[in-house]
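The lines below spell out each chain.
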Amino acid sequence: MSKVIRIGTRDSELALWQANTVKEQLEALGHETTLVPVKSTGDLVLDKPLYELGITGIFTKTLDMAMIKGEIDIAVHSMKDVPTALPKGIVQAAVLERGNHFDILAFKNNEEFLAQRDAVIATGSLRRKAQWLNRYPTHTVVDLRGNVNSRLEKLKNNDWNGAIFAAAGLQRIGLQPEHTIGLTWMVPAPAQGAIMVVAKEEDEFVREACAELNHEATALCVQLEREFLRILEGGCTAPIGAHAFIDKNDQVTLKGVLLSYDGKRKLEAEYSAPLGHHKNLGRDCANSILARGGKLLVNQTHGGTLKTHIFSTKNLSQNQLQLFKQGVTVKSEDFIKISPNRLPKTLLTQELENVIITSKNGVESLATQAPDALRFKNIYCVGRKTKRLIEKRIGPVKHQAKDAKELAKYLVEYMEGLEVTYFCSNLSMDDLPNILEENNITVNKLETYTTKHAPSEVDKEIEGVLFFSPSGVESYLLKNRPDKTAYCIGETTAEEARKHFKSVKVAKIPVVESVIELVNGDY
């Protein structure tokens, strides 16, 4: 006995294209069908909580619930959006032949920015963001959400250099941005480019009808990719990519990748086996990555799904993150971008009697531009780490102070001569030069590097923020409220924070590890 197959779909242009493709293929086989767009989950009430049914996918649960309630017979999804564990009573009925699995970059004007230090790329995908930063670590990646049309419109109306899209999505709805590059180096999301049809397990008629649409080679490959994803336990909360294919010699190959959010850590695996002996490729790839540090990486990315307690306005290393007490979840991101300024060679080669350097960024800029030509007689600095770097890259340090004010007081008392050259940032504080000039010491300020604010909005539930410079405080406040505890690396940073934050704590020693000790003391 036949029946009209009700096809559930989201109402976006891409979702409707996919649903209509399934509709056309079913009707070509002689089945009657009708589309049922399902828009909102707000009015759907279930007898059981969603987690008991295993409904987790942000893009799929609306249709899952409609199917459980008997409002639709099948649902059509972009397979990369479907959780690896389907809800109880819902099964995979078919996988259509895969489309273009690559990511592409849509950009404006020209692609020169790919060779430049600074560029802004937009994407809402953690996987794309991590892989882009792994390849272009000095670029900035901003969040981009919405349907394909709205994302292209946002690219047009913002000063971004480009945005990343799934090639299949653009092709399916006939959108062809003027300038694009295929990102063949970027590992796609598991099952990217594939369309999945799900049905009720108990509905034998519908399952048999959909089985005729199944593309075996695609189904085999995406199964391996999703098995890789399942074992890594990443879901949509970790930067995970996977792609499997069958070559002309019936050899099956699977490549998988796991990255940290910032793209600094990347673990890859690639395995091949003859068709028929391929079933363990997903497991082997995943276990290879887990055995090489993947377990720690997954645990850290899973922390992103939990309540985050602390946010650092500077990217922290893996060793530094491990110093936090167990149970304290931390996110870190650079709120300051640094770029060196080119200084005249005549300046860098002349002998300077008194020199002040207050940061490691200043040291790096100077040492990179004139590694062998610098002739500084007396070098004064702020911070032990800055001192160590100066003595490694430039020469001996005459005196080191814990902060700029303390250094200024020392120079007023003990410095020989009445003139000093101050290598600083464009956003440096005025405390040091002001104190010196008040005491008739001439300060020649040279902007050795440019400090650029690069803030983002932090989660409201975050309780404390780590700051490592006054400019870091300024950057944070451009997009966030001062309603948290400020943990500061030194007194100069704390002084800026006290202008805005009610709760400010200062590290005993001006090093990152001491700031982390402050946090651990509160937990």
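Scroll up to find the structure this text is about.
Residues numbered from 1 in each chain as written. Predicted model: local features only at pLDDT ≥ 70, side-chain atom pairs only at ≥ 80, totals over all residues. Heavy atoms only, no water.

(A) Structural view of the overall build of the protein chain. Of the regular secondary structure elements, the protein chain holds 18 helices and 24 strands. Across its three principal directions, the C-alpha atoms of the protein chain cover 100 × 50 × 45 Å. Looking at the 523 residues of the protein chain, the share that counts as buried comes to 48%. Here the protein chain has roughly 25700 Å² of accessible surface; of this, 46% comes from carbon and sulfur atoms. Across the protein chain, the 66 positively charged side chains and the 66 negatively charged ones have centroids separated by 4 Å. (Helix = DSSP H or I, 4+ residues; strand = E, 2+ residues; numbered from the N terminus. Buried < 20%, exposed > 50% of the residue type's maximum accessible area, 1.4 Å probe, protein only. Areas by Shrake-Rupley, 256 points an atom, 1.4 Å probe, with all protein chains shown as cover. Lys, Arg positive; Asp, Glu negative; His and termini not counted. Charge placed at Lys NZ, Arg CZ, Asp CG, Glu CD.)

(B) How the structure looks around helix H14 (residues 404-414). Residues of H14 that are buried: Ala404, Leu407, Ala408 and Leu411. Here the buried residues of H14 occupy an arc of 100 degrees about the axis, which is enough to place them on one side. Summarising the geometry of H14, the exposed residues directed more than 90 degrees from the buried face are Lys409, Glu413 and Tyr414. Here the buried face of H14 lies against strand S17 (351-357), strand S18 (375-382), strand S19 (399-401), helix H15 (431-438) and helix H17 (491-498). With a side-chain oxygen lying 3.2 Å from the backbone nitrogen of Lys405, the N-terminal cap of H14 falls on Asp403. (Arc of directions from axis to C-beta. Contact = heavy atoms within 4.5 Å. Polar contact = N/O pair within 3.5 Å; in protein donor to acceptor, adjacent residues only side chain to side chain.)

(C) Spotlight on the packing of helix H12 (residues 360-369) against helix H13 (residues 384-393). The N-to-C vectors of H12 and H13 enclose an angle of 10 degrees; their axes lie 9 Å apart at closest approach. By the angle between their axes, H12 is roughly parallel relative to H13. Along its contact with H12, which presents Lys360, Val363, Glu364, Ala367 and Thr368, the element H13 presents Lys385, Thr386, Leu389, Ile390 and Arg393. Considered class by class, the residues forming the contact of H12 with H13 number four nonpolar, two polar and four charged. (Axes fitted to C-alpha atoms, helices over the stretch in contact; angles between N-to-C directions. Parallel < 35°, antiparallel > 145°, perpendicular 65-115°, else oblique. Nonpolar A, V, L, I, M, F, W, Y, C, P; charged D, E, K, R; others polar.)

(D) Region of interest: the sheet that holds strand S5 (residues 103-107). Sheet architecture is open: five strands sit in the order S7-S6-S8-S5-S9, paired in mixed fashion. Edge positions in the sheet fall to strand S7 (140-142) and strand S9 (180-183), since each of these pairs with one other strand and no more. Pairwise comparison of adjacent strand axes, ignoring direction, gives a mean angle of 30 degrees for this sheet. Sheet analysis places S5 next to strand S8 (residues 162-166), joined by five bridges and oriented antiparallel. Looking at the pairing, Phe107 lines up with Gly162 of S8. Its contacts with the sheet place helix H4 (residues 126-135) against S5, strand S6 (120-122), S7, S8 and S9, and it is angled at close to 130 degrees to S8. Relative to S8, helix H5 (residues 148-157) is tilted by about 165 degrees, and along the sheet it contacts S5 and S8. (Pairing = 2+ DSSP bridges.)

(E) A look at the pattern of salt bridges. Scanning the model with the defined rule gives 22 salt bridges in all. Across the pair Asp522 and Lys505 runs a salt bridge whose closest N-O atoms are separated by 2.8 Å. Placement of Asp522 in helix H18 (residues 512-522) and of Lys505 in strand S24 (residues 504-506) is noted, with a sequence separation of 17 residues between them. On the basis of relative accessibility, which here comes to 30%, the residue Lys505 falls in the partly exposed class. Residues joined in a network through salt bridges with shared partners are Lys3, Arg6, Asp73 and Asp203. (Salt bridge = Lys/Arg side-chain N within 4 Å of Asp/Glu carboxyl O.)

(F) Quick peek at the nonpolar core. With 23 residues, the main nonpolar core has Leu224, Phe228, Leu232, Ile240, Leu254, Leu258 and Ile289 as its most contacted residues. Residue assignment for this core shows that the elements contributing at least two residues are helix H8 (216-232), strand S11 (240-246), strand S12 (251-259), strand S13 (266-274) and helix H9 (281-302). The element that contributes the greatest number of residues to this core is H8, accounting for seven residues. (Core = buried A, V, L, I, M, F, W, Y, C linked by side-chain atoms within 4.5 Å.)

(G) Spotlight on the side chain of His31. The topology assignment puts His31 in the loop between helix H1 (13-28) and strand S2 (33-37). Residue class for His31 comes out buried when judged on its relative accessible area of 16%. Beyond its immediate stretch of four places on either side in the chain, His31 contacts Ile5, Leu26, Phe205, Ala209 and Glu212.

(H) The pairing of strand S10 (residues 195-200), seen in detail. Burial of S10 is extensive: five of the six residues sit out of reach of the surface. In the sheet, strand S3 (residues 74-78) pairs with S10 via five bridges, with the strands oriented antiparallel. Looking at S10, one finds that Ala75 is bridged to Val198. As defined by bridge partners, strand S4 (residues 90-95) adjoins S10 across five bridges and the pair is classed as antiparallel. Looking at the pairing, Gln92 lines up with Val198 of S10.

(I) Spatial organisation of H17. The complete set of buried residues in H17 reads Thr492, Thr493, Ala494, Glu496 and Ala497. On its buried face, H17 sits against H14, strand S22 (464-467), helix H16 (470-477), strand S23 (485-488) and S24.

(J) Spotlight on the sheet that holds S11. Overall, antiparallel pairing links the three strands, which are arranged S11-S12-S13 in an open sheet. Of all strands in the sheet, those bounded by a partner on one side alone are S11 and S13. The mean angle between the axes of side-by-side strands here comes to 10 degrees, regardless of whether they run parallel or antiparallel. Across seven bridges, S11 lies against S12 in antiparallel orientation. Paired with Ala244 across the strands is Leu254, a residue of S12. Packing against the sheet, H4 makes contact with S11, S12 and S13, and its axis sits at approximately 80 degrees to S12. Packed onto the sheet, H8 meets S11 and S12 and runs at close to 150 degrees relative to S11.

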